[in-house]
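# Structure assessment
Next come the chains, spelled out residue by residue.
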Amino acid sequence: MINYIWFFLILISIVVSALNGKLDVINQSIMTDAQEGVTFGISLIGIMAMWMGLIKIAEKSGLLRTIGKIITPITSFLFPNIPKNHPAMSSIVMNMVTNMFGAGNSATAIGIKAMEEMNTLNRDKRKATNDMCMFLVINMSSIQLIPITVLKLRADAGSANPTEIIGTTLIATLVSTVIGVLTAKILQRGR
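Residues numbered from 1 in each chain as written. Predicted model: local features only at pLDDT ≥ 70, side-chain atom pairs only at ≥ 80, totals over all residues. Heavy atoms only, no water.

With that settled, consider the overall build of the chain. When its secondary structure is counted, the chain shows nine helices and zero strands. For the chain, the α and β elements follow one another from N to C terminus as α-α-α-α-α-α-α-α-α. Expected size for 191 residues packed as a compact globule is a radius of gyration near 16 Å; at 20 Å, the chain overshoots this value by more than 25%. Summarising its shape, the C-alpha atoms of the chain cover approximately 60 × 45 × 30 Å along the three principal directions. Burial status across the chain gives 32% buried among its 191 residues. In the chain, of all internal contacts separated by at least 6 residues, the share reaching a separation of at least 24 is 64%. Carbon and sulfur atoms form 69% of the exposed surface of the chain, whose accessible area is close to 12,500 Å². Looking at charge distribution, the chain has the averaged site of its 16 positive side-chain charges lying 14 Å from that of its 10 negative ones. (Helix = DSSP H or I, 4+ residues; strand = E, 2+ residues; numbered from the N terminus. Rg over C-alpha atoms; globule rule 2.2 N^0.38 Å. Buried < 20%, exposed > 50% of the residue type's maximum accessible area, 1.4 Å probe, protein only. Contact = heavy atoms within 4.5 Å. Areas by Shrake-Rupley, 256 points an atom, 1.4 Å probe, with all protein chains shown as cover. Lys, Arg positive; Asp, Glu negative; His and termini not counted. Charge placed at Lys NZ, Arg CZ, Asp CG, Glu CD.)

Here it is, written out as structure tokens:
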């Protein structure tokens, strides 16, 4: 569905530009934005490689397992239908930790793995379970302790103090996560 929406938006912009005699603006924009997209993607490789490496080290050292034990009461409340030692739970914890440190792009692969593991518990593969929906809410709102990607963008843009947003980011993401979890729990009870 989203592909149709994007196609429709692009088609409308081309038609409107043609009617206004501004097709050269679209061509210029395509060339400039494509180049900026590639440059931005390449600039994130270093951060993503570092975080993926740190997460792997944390996993191998047992740190993620320890964090998982600490947050077991929270994950048991949030995901009541997932057995305690199921592989989905470790993927969920890894995803949450990765997101907390602002490496959302690195968390994507872990999030997909968590969804695949949760789907093994799903009786109706055509519908998401309550736990899958809750995971999606938490993954999307994600409490950010250190928003690494945003800090890098601010530093690249020449910010005098790129870290000044950490406090407000923490508050905003905490509020969004709490509201998202409460809303998901309310909707789950309504079913």
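On we go.
Right, let's get into the domain arrangement of the chain. Examined at the domain level, the chain breaks down into domain 1 (1-48) and domain 2 (62-187). Of note, the centres of domain 1 and domain 2, computed from C-alpha atoms alone, are 30 Å apart. Between domain 1 and domain 2, the residue contacts involve five residues of the former and six residues of the latter. Our count for the contact surface shared by domain 1 and domain 2 stands at zero salt bridges. Our count for the contact surface shared by domain 1 and domain 2 stands at zero residue pairs in polar contact (both at pLDDT 80 or more). (Domains from an automatic or database assignment. Salt bridge = Lys/Arg side-chain N within 4 Å of Asp/Glu carboxyl O. Polar contact = N/O pair within 3.5 Å; in protein donor to acceptor, adjacent residues only side chain to side chain.)

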